[in-house]
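# Summary of structural features
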Amino acid sequence: MKARVVQGGIGTYEVEVKAAWYMPWQPVYDGMFPFRGSYSEAKKIADKFNK
C-alpha cells in the first residue's frame, strides 16, 4: 500500500492511499470526513502506510 501527502486546501494537507497499482488514489478518512491537518501530521500518517 502506498500513501502520499497532497494539498487539501489553503494551508491544510490530506493523505491519499493506493492499495494496488490499478486502483485510484483514495483519501484517508478521520471519522466521517477526510483527514485534513498540518503537513507534519499528514507526513506521520503517510509514513505508517509506507512501511
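Residues numbered from 1 in each chain as written. Predicted model: local features only at pLDDT ≥ 70, side-chain atom pairs only at ≥ 80, totals over all residues. Heavy atoms only, no water.

Now for the pattern of salt bridges. Enumeration over the complete set of coordinates arrives at 3 salt bridges. Arginine 4 is the partner of glutamate 16 in a salt bridge, and the nearest nitrogen-oxygen pair spans 2.7 Å. You can see glutamate 16 sitting in strand 2 (residues 12-18) and its partner arginine 4 sitting in strand 1 (residues 2-9), a full 12 residues away along the chain. A relative accessible area of 15% means that glutamate 16 is categorised as buried. Under the relative-accessibility criterion, arginine 4 is labelled partly exposed at 34%. A salt bridge links glutamate 14 to arginine 36, with the shortest nitrogen-to-oxygen separation between them at 2.7 Å. Within this pair, whereas glutamate 14 is found in strand 2, its partner arginine 36 is found in the loop between strand 5 (33-34) and helix 1 (39-49), the two being separated by 22 residues in sequence. Here glutamate 14 falls in the buried class, since its relative accessible area comes to 10%. (Salt bridge = Lys/Arg side-chain N within 4 Å of Asp/Glu carboxyl O. Helix = DSSP H or I, 4+ residues; strand = E, 2+ residues; numbered from the N terminus. Buried < 20%, exposed > 50% of the residue type's maximum accessible area, 1.4 Å probe, protein only.)

Our focus in this paragraph is the packing of aromatic side chains. A complete count under the given rule lists 2 aromatic pairs for this structure. Centre to centre, the rings of tyrosine 13 and tyrosine 39 are 5.3 Å apart; their planes meet at 75°, and the pair counts as edge-to-face. With tyrosine 13 in strand 2 and tyrosine 39 in helix 1, this pair connects stretches of sequence that are 26 residues apart. Tyrosine 13 sits in the partly exposed class, given a relative accessible area of 25%. For tyrosine 39, a relative accessible area of 46% puts it in the partly exposed group. (Phe/Tyr/Trp six-rings, centres within 6.5 Å; stacked < 30°, edge-to-face > 60°.)

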